[in-house]
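As a plain string of letters, each chain reads:
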Amino acid sequence: MSSIEPNKIKAIVRDFVDTINEQNWDKLDQLVAPNFVRYSKAGDQPEICNRDQLKAFLRSELETFPDAKESIEDMLAEGDKVAVRQRFQGTQKGWMGKYPPSGKKMIADYLAIYRIQDNQIVEAWAVWDNLNGLKQLGHFNPPA
């Protein structure tokens, strides 16, 4: 594990979140390594094994949630990693896998760990409560 200035790697992650919110895909190329890998077992999310797949995933997410916004709630950095508690908010206007548009708003907190190398994000691990998200959107109604 290499040690990088904590404020510098936090700034990279902040820029990353801002870039997603701005839908600035050219700037994303500067912040994310071409061989980026995202690990997530939440729901039916696709495996992401490079920067182009990440951009395709984010664009698809915007088709589902056109008003999507992400925010950083908490952030810690150590070594070459940044741990973040993030919040996603958006109204489901498009299909989400097998789930039709609900028109309902979802607010989902999730945890992500980003690994930084050469001033770019090279890996990310993300976990979130997808069952809670499905409940908010009206796609999961447990029996009474």
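Residues numbered from 1 in each chain as written. Predicted model: local features only at pLDDT ≥ 70, side-chain atom pairs only at ≥ 80, totals over all residues. Heavy atoms only, no water.

A. Just the environment of R59, in detail. Among the secondary structure elements, R59 is positioned in helix α3 (residues 51-64). In this structure the C-alpha to C-alpha distance between R59 and Q23, which are 36 residues apart in sequence, comes to 8.4 Å. (Helix = DSSP H or I, 4+ residues; strand = E, 2+ residues; numbered from the N terminus.)

B. Inspection of the environment of R115 at higher detail. Tracing the chain through its elements places R115 in strand β4 (residues 105-117). The spacing of R115 and F57 is 58 residues in sequence and 19 Å in space, taken between C-alpha atoms. Among residues more than four places away in sequence, those in contact with R115 are D80, K81, Q120, I121, V122, E123 and W125. At a separation of 3.1 Å, a polar atom in the side chain of R115 contacts the side chain of Q117. A distance of 2.6 Å separates the side chain of R115 from the side chain of E123, its partner in a polar contact. (Contact = heavy atoms within 4.5 Å. Polar contact = N/O pair within 3.5 Å; in protein donor to acceptor, adjacent residues only side chain to side chain.)

C. Geometry of unusual backbone geometry. For Q23, which is not glycine, the phi torsion reads 55 degrees and is therefore positive. By the element assignment, Q23 lies in the loop between α1 (6-22) and α2 (25-31). In this structure, D118 takes a positive phi of about 50 degrees despite not being glycine. The topology assignment puts D118 in the loop between β4 and β5 (120-128).

D. Structural view of the confidence of the model for the protein. In this model, the protein carries an average pLDDT of 93, and 94% of its residues clear a pLDDT of 70 or more. Across the protein, the secondary-structure element scoring lowest on mean pLDDT is helix α4 (residues 130-136), at 92, and the one scoring highest is strand β3 (residues 81-91), at 98. (pLDDT = per-residue confidence, 0-100.)

E. Looking closely at the pattern of salt bridges. The full count for this structure, using the stated rule, is nine salt bridges. Among the salt bridges present, the one from D29 reaches R51, with a minimum N-O distance of 3.3 Å. In this pair, D29 sits in helix α2 while R51 sits in helix α3, placing the two residues 22 residues apart along the sequence. Among the residues examined, D29 registers a relative accessible area of 26% and is labelled partly exposed. On the basis of relative accessibility, which here comes to 16%, the residue R51 falls in the buried class. Two residues, E73 and R87, come together in a salt bridge whose shortest N-O distance is 3.9 Å. (Salt bridge = Lys/Arg side-chain N within 4 Å of Asp/Glu carboxyl O. Buried < 20%, exposed > 50% of the residue type's maximum accessible area, 1.4 Å probe, protein only.)

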